[in-house]
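Per-entry structural report
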Amino acid sequence: MNRIFLDVHALQTVPPSNLNRDDTGAPKTAVYGGVPRARVSSQAWKRATRTYFKREQLLDTSELGVRTKKIVEAVADRVTALDPSLAGETALRIADATVNAAGLKTEVPKRKADAAKEGEPAPAPEAKYLVFLSARQLDALARLAVDGMADITAFLKEKKNKDRARELADSRHSVDIALFGRMVADAPDINVDAAVQVAHAISVNRVENESDYFTAVDDEITDAETGAGMIGTVDFNSATLYRYAAVNVHQLAATLGQGLREDEPRTDPVRRAVEAFVHGFVASLPTGKINTFGHHTLPDAVIVKLRTTRPVSFVAAFEAPVRGETGGHVREASERLAEYIPDIERAYGDEDSTLTWVLRVGPNTQKLAGVGTESQSIGELVAAVGQAVAQRLEKPA
Amino acid sequence: MSVLTLRLAGPLQSWGASARFTRRTTESAPTKSGVIGMLAAAAGIERGDDDRLAPLAALKFGVRIDQPGTRLRDFHTAHHGISGKSMPLSERFYLADAVFVAALEGDRTLLTTLHTALGTPVYTPFLGRRSCPPSLPIELSLHDEGALMDILRQVPWQASAWYRRQYPGRDHIELTVLREADEVEQHTADVQRDQPLSFAAEHRRHALRTRVSDPVRIPRPPARQLPRHDPFDALDEESA
């Protein structure tokens, strides 16, 4: 089997900010190399990446999934679109039967059921948890529901049709499901293992959280009253983050399957998924307290590696915290990486089969120029990576 | 018998043996099911393939605590895709800054396959949880001949330079090994439910496994023989 891995590394500085907070409202932290660091959880950055796909339209809606409990309504809407005579309760009923046949248990939420007793229209059943389905899977389930509309219960009792429902929920996954995985608690046979591994981002430098004490003035205050309208504190920190993610490209290819359109190369779905991920992961940003801190930044340096051996995180280059004695942390962090990468790759082999790209900004990242092919823009980087991935996939195993 | 040694190091790791629902705890050392699961994934054994899992699960397992790390509690929120409402909160626990050496004893052919698989894995290895990639390649070495405890007495101390500096001026360091009990120890040993029987998504099953704690004395490596990929050794000398 052809092994293809892609790893993405980024150095990104954020000013005072609180991207991802814990239950006390303080930015998340971790100890590494014996000193406290800023941390942004993997799930926060995965959500930012998924949101970025949609917002920047990196992928067509048909290639994206929706994570929702309102799956019955989603299928029913499509049923009505296919056959306008099937609307309202009928559409909901056959959609619900089909969704359940696919293994996704639904129920009418109790709160809504109570409301219905008082003359409200009958509420739609919902899944008990968030279900991640692709647009194509919702379309296919709706078509199956329409096929069996005459007597949906009898139709779905037939083994052939029941199996078909399960199969539809488990094939033609959307790009984001294939990348980030899907977990269905009571139908584990249709789980999808994520092809992407995103590490918690941690700062290359020592970081201790700080607390901002603020007062807000009441504009309408009179001379008779004194003091602030309100007081409070906001915790924050600032950091240069090392971010890392690895894409298991051969696994992604297996989940996505080959291209379904005759007029495109069979590697196209994987190439588009990889391009969207690299672009989305690099350029996205968790939005925690973004209006308070306005921490809109982009990475100073991005390194992408395409390998035939296991991906490698370079976080150990920052186990001893960067001190930033020359002002800022990016310069020293870049120097560390430029020294560490060839060192670890020599020690563990296979530099020959590894392709490397670099996207970097400013003189502080100068030392990284030598670690790979330089790209001038994120677009150029993403296109080059996508093309190389497609070429590797084309190669016989 | 042959022994395969692994280095489990990374900023975060999480090895649950009894975690359920919204509270996901971690043991203080890697679990057998976690390590076997990682090896099975690297070798491309699918989740439900219990027959191919069985020989891996039968390997004798031990783990040496080279750098214990600290416990980290992570607070996790999720939001509804459409309404934006909060979903149940969950707590996840991690070990931060820890380093372990795990060892597996058994058939040489099988261990050779696993050793190779770690270099070119089918599914990407991680340290107990997908968001915890290793900071260094996991495979340490394959010893053709030897017993698990003997090998764990020989493998050099893998702790980070900053951690080793906390124990200056000694020529030996005492580390703890957690291993499976011998037959004579069966009744006095600790038990933990982390002997994997099946990783099938529908019915994940684990049996009880014995665990005995043994101290081992490891020679402290001279400063010059620190791992060569640690270029910062000189930087922190006085501040550590």
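Below is a short write-up of the structure. Nothing here was measured: the structure is a model prediction, and the numbers come from that model.

1. Description of the overall build of chain A
What chain A contains, in helices and strands, is 13 helices and 14 strands. The dimensions of chain A, computed from C-alpha atoms along their principal axes, are 80 × 75 × 35 Å. Sorting the 397 residues of chain A into buried and exposed places 54% on the buried side. By sequence separation, contacts in chain A at least 24 residues apart represent 73% of the contacts at least 6 residues apart. Roughly 17500 Å² of accessible area belongs to chain A as shown, and the carbon and sulfur atoms make up 49% of that amount. Considering chain A, the positive charge centre built from 49 side chains and the negative charge centre built from 55 side chains are found 5 Å apart.

2. Concerning the nonpolar core
Leu6(A), Leu252(A) and Val278(A) are the most contacted members of the largest nonpolar core, which has 52 residues in total. Broken down by element, this core gets its largest block of residues, 8 residues, from helix H10 (residues 268-283) of chain A. Apart from residues lying up to four places away in sequence, Val278(A) is in contact with Leu6(A), Val8(A), Val304(A), Leu381(A), Val382(A) and Val385(A). Counting 38 residues, the second largest nonpolar core, distinct from the first, contains Met38(B), Leu39(B), Leu59(B) and Leu127(B).

3. Notes on helix H7 (residues 159-169) of chain A
Residues and elements named next belong to chain A. Looking only at H7, the buried set comprises Asn-161, Ala-165, Leu-168 and Ala-169. What you see down the axis of H7 is that its buried residues fit within an arc of 100°, all on one side. Of the residues in H7, the exposed ones pointing more than 90 degrees away from the buried face are Lys-159 and Lys-160. Lining the buried residues of H7 we find helix H3 (88-101), strand E7 (131-134), helix H5 (135-147) and helix H6 (152-157).

4. Quick word on the side chain of Arg179(B)
Residues and elements named next belong to chain B. Along the chain, Arg-179 turns up in strand E7 (residues 172-179). Look at Arg-179 and you get buried, because its relative accessible area is 7%. In this structure, Arg-179 is in contact with Phe-61, Gly-62, Leu-148, Met-149, Glu-185, Thr-210, Arg-211, Val-212 and Asp-214, ignoring residues within four places of it in sequence.

5. Description of the environment of Ala273(A)
Here Ala273(A) is to be found in helix H10. Taking the relative accessible area as the measure of exposure, Ala273(A) reaches 0% and is therefore buried.

6. Brief notes about the packing of aromatic side chains
In total, this model carries 10 aromatic pairs over all chains according to the counting rule given. Judged by centre distance (5.6 Å) and plane angle (50°), the ring pair of Tyr163(B) and Tyr167(B) falls under tilted. The class for Tyr163(B) is buried, based on a relative accessible area of 12%. Taking relative accessible area as the criterion, Tyr167(B) reaches 23% and is therefore assigned partly exposed. Here the aromatic residues Phe53(A), Phe180(A), Phe277(A) and Phe281(A) are joined through ring pairs into a cluster of three or more. Of note, Arg243(A) hangs over the ring of Phe281(A), and the distance from its end group to the ring centre comes to 4.4 Å. A cation sits over an aromatic face here: Arg129(B) above Tyr94(B), 4.8 Å from the ring centre.

7. Some details on the pattern of salt bridges
This model, assessed by the stated rule, comprises 33 salt bridges over all chains. The salt bridge partner of Glu91(B) is Arg73(B), with a shortest N-O separation of 2.5 Å. With Glu91(B) in strand E5 (residues 90-106) and Arg73(B) in strand E4 (residues 70-76), the pair connects residues that are 18 residues apart, well separated along the chain. On the basis of relative accessibility, which here comes to 37%, the residue Arg73(B) falls in the partly exposed class. Here the salt bridges do not stand alone but share partners, grouping Asp7(A), Lys305(A), Arg307(A) and Glu345(A) into one network.

8. Quick notes on the environment of Ala384(A)
Examined against the element boundaries, Ala384(A) turns out to sit in helix H13 (residues 378-394). By relative accessible area, Ala384(A) is classed as partly exposed at 23%.

9. Quick word on the interface of chain A and chain B
Each partner contributes residues to the interface: chain A has 56 residues there, and chain B has 47 residues. With both chains or domains summed, chain A and chain B bury close to 4400 Å², and 55% of this area falls on carbon and sulfur atoms. Three residues, Gln197(A), Arg310(A) and Tyr348(A), lead the burial of chain A against chain B; their summed loss comes to 14% of the area buried on that side. Applying the counting criterion to the chain A and chain B interface returns 6 salt bridges. Ionic pairing is found between Arg47(B) and Asp193(A), a salt bridge with its closest N-O pair at 2.8 Å. At the boundary of chain A with chain B, the tally comes to 24 residue pairs in polar contact (both at pLDDT 80 or more).

10. Details of the packing of helix H1 (residues 32-42) of chain B against helix H2 (residues 50-57) of chain B
All names here are of chain B. One can describe the packing of H1 onto H2 by two numbers: an axis separation of 10 Å at closest approach and a directional angle of 125°. The orientation of H1 relative to H2 falls into the category oblique. The hand of the H1/H2 crossing is right-handed. Across the interface between the two elements, Lys-32, Ile-36, Leu-39 and Ala-40 from H1 touch Leu-53, Leu-56 and Ala-57 from H2.

11. Topic: a negative patch on the surface
Together, Asp218(A), Asp219(A), Glu220(A) and Glu225(A) make up a negatively charged patch on the protein surface. Here Asp218(A) lies in the loop between strand E10 (210-216) and strand E11 (230-248).

12. Things to note about unusual backbone geometry
At Gln57(A), a residue that is not glycine, the phi angle is positive and equals roughly 50°. Its place among the elements puts Gln57(A) in the loop between helix H1 (42-55) and strand E4 (65-68). Here Gln57(A) falls in the exposed class, since its relative accessible area comes to 64%. Within the chain, Asp97(B) stands out as a residue other than glycine whose phi angle is a positive 65°. Topologically, Asp97(B) is positioned in strand E5. Residue classification places Asp97(B) among the buried residues on the basis of a relative accessible area of 4%.

Cut-offs and rules
- Residues numbered from 1 in each chain as written.
- Chains lettered and ligands numbered in written order.
- Predicted model: local features only at pLDDT ≥ 70, side-chain atom pairs only at ≥ 80, totals over all residues.
- Heavy atoms only, no water.
- Helix = DSSP H or I, 4+ residues; strand = E, 2+ residues; numbered from the N terminus.
- Buried < 20%, exposed > 50% of the residue type's maximum accessible area, 1.4 Å probe, protein only.
- Contact = heavy atoms within 4.5 Å.
- Areas by Shrake-Rupley, 256 points an atom, 1.4 Å probe, with all protein chains shown as cover.
- Lys, Arg positive; Asp, Glu negative; His and termini not counted.
- Charge placed at Lys NZ, Arg CZ, Asp CG, Glu CD.
- Core = buried A, V, L, I, M, F, W, Y, C linked by side-chain atoms within 4.5 Å.
- Arc of directions from axis to C-beta.
- Phe/Tyr/Trp six-rings, centres within 6.5 Å; stacked < 30°, edge-to-face > 60°.
- Lys NZ or Arg CZ within 6 Å of the ring centre and 35° of its normal.
- Salt bridge = Lys/Arg side-chain N within 4 Å of Asp/Glu carboxyl O.
- Buried area = accessible area lost by both parts, 1.4 Å probe.
- Polar contact = N/O pair within 3.5 Å; in protein donor to acceptor, adjacent residues only side chain to side chain.
- Axes fitted to C-alpha atoms, helices over the stretch in contact; angles between N-to-C directions.
- Parallel < 35°, antiparallel > 145°, perpendicular 65-115°, else oblique.
- Left-handed = near helix turned anticlockwise from the far one by under 90°.
- Patch = residues over 30% accessible without salt bridge, like charges linked within 9 Å, V, L, I, M, F, W, Y side chains within 5 Å.

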